[in-house]
Amino acid sequence: MRMDVLTLFPDMFDGPMTQSMIGKARENKKIDFHTLDFRQFANNKHNHVDDYPFGGGAGMLLKVEPIDLALQQLEQEVPHTKKRIILMDPSGKPFTQKIAEEFAEEEHLVFICGHYEGYDERIRHYVTDEYSIGDFVLTGGELAAMMMIDATVRLLPDVLGNEESAITDSHSTGLLEHPQYTRPRDYKGMLVPDVLFSGNHKKIKEWQEKESLRRTYQRRPDLLEKRELSSLEARLLEEIKAEEV
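Counting of residues starts from 1 at the beginning of each chain's written sequence and follows it residue by residue. For a predicted model such as this one, the threshold for reporting local features is a pLDDT of at least 70, and the threshold for listing and counting side-chain atom pairs is 80 or more; totals across whole chains, interfaces and linings nevertheless cover every residue. Side-chain numbers come from the whole structure's heavy atoms, not from hydrogens or water.

Q: Would you mind going over the pairing of strand β5 (residues 83-94) with me for this structure?
A: The side chains of a regular strand alternate, residue by residue, between the two faces of the sheet. Strand pairing requires that DSSP identify at least two bridges connecting the strands. Put simply, DSSP marks the helices as runs of H or I at least four residues long and the strands as runs of E at least two long, and each gets a number from the N terminus on. With five bridges joining them, β5 and strand β6 (residues 108-112) adopt parallel strand pairing. Looking at β6, one finds that K83 is bridged to H108. For the segment spanning β5, helix α3 (residues 97-103) and β6, crossover handedness is right-handed. Of the pairings in the sheet, the one linking β5 to strand β8 (residues 129-132) comprises five bridges and is parallel in character. From the neighbouring strand, K93 faces β8, where its bridge partner is Y131. If you view a crossover with the strands going away from you and the path from the first strand over the helix to the second runs clockwise, you call it right-handed.

Q: Please clarify how the sheet that holds strand β3 (residues 50-51) should be interpreted in this entry.
A: Adjacent strands of a sheet pair through backbone hydrogen bonds, lying either parallel or antiparallel. Across the sheet, three strands lie side by side as β3-β4-β7; this open sheet has mixed pairing. A single partner strand is all that each edge strand has here, and the edge strands are β3 and β7 (118-119). Bridge count for β3 against strand β4 (residues 61-62) is two bridges, and the pairing is antiparallel. Within β4, the residue paired with D50 across the bridge is L62.

Q: Sorry if this is basic, but what is going on with the sheet that holds strand β1 (residues 2-7) here?
A: Judged by pairing direction, the sheet is parallel, and its five strands sit side by side in the order β2-β1-β6-β5-β8 without closing on themselves. Only two strands of the sheet have a single partner each, and these edge strands are β2 (32-37) and β8. Across the sheet, the mean angle separating the axes of adjacent strands is 30° when strand polarity is ignored. Throughout, a contact is declared for two residues whenever any of their heavy atoms are within 4.5 Å. Note on definitions: angles span 0 to 180 degrees between N-to-C directions of axes, and those axes are lines fitted to C-alpha atoms, for helices only across the stretch in contact. Packed onto the sheet, helix α2 (residues 64-77) meets β1, β2, β5 and β6 and runs at close to 155° relative to β1. Contacting β1, β2, β5, β6 and β8, helix α4 (residues 142-153) crosses the sheet at an angle of about 170° to β1.

Q: Got a minute to help me understand the nonpolar core in this structure?
A: As a rule of thumb, soluble globular proteins bury nonpolar side chains together. Each nonpolar core is a collection of buried residues, namely Ala, Val, Leu, Ile, Met, Phe, Trp, Tyr and Cys, held together in the definition by side-chain atoms within 4.5 Å. When accessible area is computed with a 1.4 Å probe and restricted to protein chains, residues below 20% of their type maximum are described as buried, those above 50% as exposed, and intermediate ones as partly exposed. Core analysis: the largest hydrophobic core is formed by 51 residues, its most contacted members being L6, F38, M88, F111, I149 and V153. Those elements that place two or more of their residues in this core are β1, α1 (20-27), β2, α2, β5, α3, β6 and α4. Excluding its chain neighbours within four sequence positions, the residues that come into contact with L6 are L36, F38, I67, A70, L71, L74, V110, F111, I112 and C113. Counting residues in hydrophobic clusters, the runner-up holds six residues, among them L175, L224, L237 and I240.

Q: Just to check I follow, could you spell out the UniProt feature "binding site: S-adenosyl-L-methionine" (unreviewed entry) in the protein for this structure?
A: Under the UniProt annotation, the feature "binding site: S-adenosyl-L-methionine" (unreviewed entry) is placed at G114, I133, G134, D135, F136, V137 and L138. Mapped onto the fold, I133 is located in the loop between β8 and α4. Discounting chain neighbours no more than four positions away, the residues touching I133 are L138, A144, M147 and M148. Mapped onto the fold, L138 is located in the loop between β8 and α4. Judged by its relative accessible area of 35%, L138 is partly exposed. Dropping the residues within four chain positions of it, L138 is found in contact with I133, L143 and A144. UniProt positions are given in the numbering used here, feature names are shortened, and annotations may be inferred rather than shown by experiment.

Rendered as structure tokens:
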């Protein structure tokens, strides 16, 4: 997979994109990652890529020309790839695990990181997607892009080394992940549930399903509102509600 980031601050990616899982994915040629400083495409002597909005208003807008020219250069460098061009925007659709799974199937992802007050609306003409990582505003799109890249890269084949881990992650199943434990069995009186030592895989699986439902019910009930529960999940959820009273 090819990944490009259009940014005014390419150095911000030097650390995160060379460490841990992403660093190994790059070393193993699972991703081909690049940054492109679109300030080099400014068409004025001061290299400004922003300007005042027509009609007045607070702040500055990112100009359309530098983005257009940067995308043109990218097309020349990497022609004939199917590019998904993603605009980092607080007003975009919420980025979710499902979108990360979609991204992981793509051939070429391009992330546009803005700054300033906003974008010249015509920039949207060049993009295929607009996403936000939450209902808050950052100083720029770089951190959001890093998060989306991380969420995507870990889903690529042979990156995690344990494909089942990604499948059972919180949000991948539509529910939050159940509690997990490791040694010691007793730490300062905090005990690991006995069922996990029973050797009864059916009981363990049902416990995991129930505790996944419980955690979702307690922390993200909105996820359950969107979910069509199986008969087992419906029964377990009724037990949880009775236990939580």
